[in-house]
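Chain and residue survey
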Amino acid sequence: MYPCMANSRLNIDVCERIIDWGSTVFSLYAGSTITMTRQTYWCTTALVCSAWRTRSQLNLFSNVEPRSASSHDALVAALKSNPHLSDYVQSLWLDSRKE
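Residues numbered from 1 in each chain as written. Predicted model: local features only at pLDDT ≥ 70, side-chain atom pairs only at ≥ 80, totals over all residues. Heavy atoms only, no water.

1. Here we look at the packing of aromatic side chains
In plain terms, the rule: Between 30 and 60 degrees the pair is tilted, below 30 it is stacked and above 60 it is edge-to-face, where a pair is any two Phe, Tyr or Trp rings, Trp via its six-membered ring, whose centres lie within 6.5 Å. In DSSP terms, a helix is any run of H or I states spanning at least four residues, a strand is any run of E spanning at least two, and both are numbered starting from the N terminus.
Here the structure, examined in full by the defined rule, presents one aromatic pair. For the pair W21 and Y41, a centre-to-centre distance of 5.9 Å together with 80° between the ring planes defines the contact as edge-to-face. Taken together, the positions of W21 in the loop between α1 (12-20) and β1 (26-27) and Y41 in helix α2 (residues 38-46) put the pair 20 residues apart, joining distant regions of the chain.

2. Things to note about the packing of α1 against helix α3 (residues 50-62)
What counts here: Orientation is described by lines fitted to C-alpha atoms, with helices fitted over the stretch in contact, and by angles between N-to-C directions that extend from 0 to 180 degrees. Left-handed describes a crossing whose near helix is turned anticlockwise from the far helix by less than a right angle; the clockwise case is right-handed. Contacts were defined at the residue level, with two residues in contact if any of their heavy atoms lie within 4.5 Å. Just so you know the grouping, Ala, Val, Leu, Ile, Met, Phe, Trp, Tyr, Cys and Pro go in nonpolar, Asp, Glu, Lys and Arg go in charged, and all remaining residues, Gly too, go in polar.
Relative to each other, α1 and α3 sit at 35°, their axes nearing to 10 Å. In this structure, α1 crosses over α3, and the sense of that crossing is right-handed. In this structure, α1 contributes C15, E16, I18, I19 and D20 to the contact, and α3 contributes W52, R55, S56 and N59. Grouping the amino acids of the contact of α1 with α3 by side-chain chemistry returns four nonpolar, two polar and three charged.

Take a look at the structure:
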């Protein structure tokens, strides 16, 4: 068990389900035009506590689809500065069209 989860009132399975819930795009508030993407959700859950970071990063990097040159560059920079993240990549979709 993760150190910060030892004192948690939530079971680790519940925490993982909360993190994995980001696999769909959802609206923050019912009837609101504000939406949160999966990427934003997992970036947010990664900041909850250190125990949530790995699971969030696993979800965030499992299926990567950079849609622009700048997002491609950001991905390359993230993988270069954090090589362990490349272990989480299961699929990578690169579009050859220019921005």
